[in-house]
Every structure is written in structure tokens, then in C-alpha cells.
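As a plain string of letters, each chain reads:
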Protein chains: 2
Amino acid sequence: MIHRLHFQIDERSGVPVYRQMMDQVKYYVAGGTLRQGDQLPSIRELASALTVNPTTVVKAYTELERDGVIEMRHGKGAFVSGRAKAITREEQEVALRRSAKQLAVEATQLQVTPPRVITVVREELNAVNPSPSADETPVKFTVVPGR
Amino acid sequence: MIHRLHFQIDERSGVPVYRQMMDQVKYYVAGGTLRQGDQLPSIRELASALTVNPTTVVKAYTELERDGVIEMRHGKGAFVSGRAKAITREEQEVALRRSAKQLAVEATQLQVTPPRVITVVREELNAVNPSPSADETPVKFTVVPGR
DNA sequence: CTGTCTGTATGATAACACCCAAACAGGGAA
DNA sequence: TTCCCTGTTTGGGTGTTATCATACAGACAG
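Close to DNA strand C lie 22 residues, the nearest being Arg44 of chain A together with Pro16, Val17, Thr56 and Lys59 of chain B. Sugar and phosphate atoms represent 61% of those atoms of DNA strand C found within 4 Å of the protein. Serine 42 of chain A has a polar side-chain atom sitting 3.2 Å from a phosphate oxygen of DNA strand C. Contact between DNA strand C and glycine 75 of chain A: a base oxygen at 3.4 Å from a main-chain N or O atom of the residue. Residue assignment for the surface near DNA strand C shows that the elements contributing at least two residues are helix H2 (43-50), strand E2 (70-73) and strand E3 (77-80) of chain A together with helix H1 (17-31) and helix H3 (54-66) of chain B. A breakdown of the residues in the surface near DNA strand C according to their chemical character gives 7 nonpolar, 9 polar and 6 charged.

Here it is, written out as C-alpha cells:
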């Protein structure tokens, strides 16, 4: 079975790329998709998949290690840290609401009707469509770039 | 009656200050608190209230003007734009999808169930959508800083 | 050992974000 | 007119973000 991670980088958002990557790794850990011991995409793999410079990925991974989310092992790869606890449930809720609020504001600015917004959100949720997994063994993930 | 705008700037977020200000103005406009013709805080007033440099506010206002949200009039002030910027259906669709996809990816990373996402989006749409008001007189707003 | 994967580390370059100070110019009221 | 509000513009400074190219070093299979 192939596991995929969806990474979405929005250059127009003004948010630094390395920080967007950090957030998304944290979200995967918080959501349970990435579990203790799982191997993250290598620096070069992630960099080429997202067409960013490896240095940028290094920065993201280094900061994530400083935050205790991941561990990097020379010559082996980057792995989800044991003592992760990257994000609290409350922070997850805040993150979701912030993103939803942003969508709501933008849609209102664009004068899109609420039903239309709901429809599009449903479509995009289906498009992302995660693969359900109850596997307990540490796995390696590939990247699905989103730009 | 005194009208107040609450501005909150988070320096640790990594999001550029001028962009945080832009988002909040957009939110007020989308939500109907700021209406066509309303006068925004002056550049210097907003800058001193938030203890940021006036140049930063200039950048935010300039970008907002480029987005068609506000208009700046030399010697008079900054006002909420009358005419919504002309945008094609296609541009509207692209912008909406981009924002929706961002939310979908993030929700998936957090392993939030699609129904839950829809619920939150509905709530945020309701929170943004203004109750139609009969008051048409333009007003001036002051700033209450949040730091 | 060799090849190839992995992370680690530089220095140079460019663009952006933010601050600071100062000056210029329009609008409107005393 | 003068005064004080307003936006406009310029030049200089610092730190961050991100790119590119290059090199070094650990892990491991063949």
C-alpha cells in the first residue's frame, strides 16, 4: 500500500514556505496520519516534489526538530518524534476555524452564495480524499504536491 | 455613537503585518461592519494605535486599494470602495477553488471529518454574513488595538 | 570498497518585510 | 492666510526568506 501526503504550498498567501510546510507536518501528526516512528519524505524528495529549494526544506525540518515534532538521523532520514504532542485538540479547532473563516470572508468578498461555497468545499474534500488505514507499522510516505 | 474597529496583530505568526491588516479590513467589509463610503482610520492613527510604522500601513492600504476594497483620497482619508472590483466569473471560480482546496487539505491533515468541516464552514459563513441594515450614512471608525 | 541513498553545512545573491526619518502635497476650517 | 488634518514619496537601514551551487559526512546494500 502506498501512503501519500498532500502538501499544499500557496505562494500568494504571504506565509513563508518553510512555515507552511511546518504547519502541514504538524497537522498530519496532530491528526494521526503521521505516527511515531514514521519516516517523512527526504529533504531532496520533498524539495523536488514541491519545486522548492532543499535549503527551504532543511529550514522547515530543523525548526520542526527544535519543536520536538520530528527527529533527523544523519544518513537515514527524518522521522516523527516519539514525544510528539505537536498540537492540542484546541489548537486543531482553532486552525480549522481560522481556515474556514478565511474561506467565508473571501467567498463573501467574491459575492459567492453560501450554497455554492458548500458545494465547492464538498468537491474539494472529495478530491483530496485520504486513503483509510488502520496499519500500525511505521511506513514511509510519498508526496502529492499541491500548487 | 462611537464606532470601533478591533485590530489584532500577531508578530509571532510569521504572517506579514501588512497582510494581517489587509485580512482584517477585508473581514470587516465582508461582514458589513465597514460599508461603502465609510472612512477608515488614517494611516498615522492606525500606525500609532498598533505601534507599527506608517509605511507598513501605507503598504496595506495600497494593496487593499489594488484589490478594489478601499479608495484613498489625498488629504481626505481612506474609504471603503463603492464599486466592487470587476471580476470575471472565471477569476471568481479560481479564487474560490483555491481557498476551498486549502481548507480541504488542512482539514484532511487534521483528520476532521467532512461533515464536521461543512458544519464549521456553514457557521463561519453565517458569522460573516451581515444582517442587512437600513443605515446608509457613512461613518468614521477609531481603532482599538489588540496585541 | 563503491555507489547511492540520507542529512549537514557554506557563501553568494536577490527579493521582501519592516523600521526610521524626512519631506512633499491636497483638503478644509479658523 | 495659517494650521492641522489627510495621503504621498524618498532614501537608508536591518533582518528574514528563499534561491543556487557546492561540498562534506553518516548509513547501508551490493
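Text resumes after the structure shown.
All names here are of chain A. One can find threonine 56 in helix H3 (residues 54-66). Under the relative-accessibility criterion, threonine 56 is labelled partly exposed at 24%. With 13 residues separating them in the primary sequence, threonine 56 and isoleucine 43 have C-alpha atoms 9.1 Å apart. With sequence-adjacent residues up to four places away left out, threonine 56 is seen in contact with Val17, Tyr18 and Met21.

It is worth spelling out the interface of chain A and chain B at this point. Counting residues at the interface gives 48 residues for chain A and 44 residues for chain B. Summing both sides of the interface, chain A and chain B together bury roughly 4,600 Å²; the carbon and sulfur share of this comes to 62%. When the area that chain A buries against chain B is broken down by residue, the three leading residues are Gln8, Leu96 and Leu125 of chain A, summing to 13%. For aspartate 10 of chain A, the salt bridge is made with arginine 98 of chain B, and the minimal N-O distance between the two is 2.7 Å. Our count for the contact surface shared by chain A and chain B stands at 14 residue pairs in polar contact (both at pLDDT 80 or more). Of all elements in the fold, only strand E1 (3-8), helix H1 (17-31), helix H4 (89-109) and helix H5 (114-128) of chain A reach the threshold of two or more residues within the side of chain A that touches chain B. With 16 residues, H4 of chain A is the single largest residue contributor to the side of chain A that touches chain B. A per-class count over the side of chain A that touches chain B returns 22 nonpolar, 14 polar and 12 charged.

Calculation notes
Residues numbered from 1 in each chain as written. Chains lettered and ligands numbered in written order. Predicted model: local features only at pLDDT ≥ 70, side-chain atom pairs only at ≥ 80, totals over all residues. Heavy atoms only, no water. Near = heavy atom within 4 Å. Polar contact = N/O pair within 3.5 Å; in protein donor to acceptor, adjacent residues only side chain to side chain. Helix = DSSP H or I, 4+ residues; strand = E, 2+ residues; numbered from the N terminus. Nonpolar A, V, L, I, M, F, W, Y, C, P; charged D, E, K, R; others polar. Buried < 20%, exposed > 50% of the residue type's maximum accessible area, 1.4 Å probe, protein only. Contact = heavy atoms within 4.5 Å. Buried area = accessible area lost by both parts, 1.4 Å probe. Salt bridge = Lys/Arg side-chain N within 4 Å of Asp/Glu carboxyl O.

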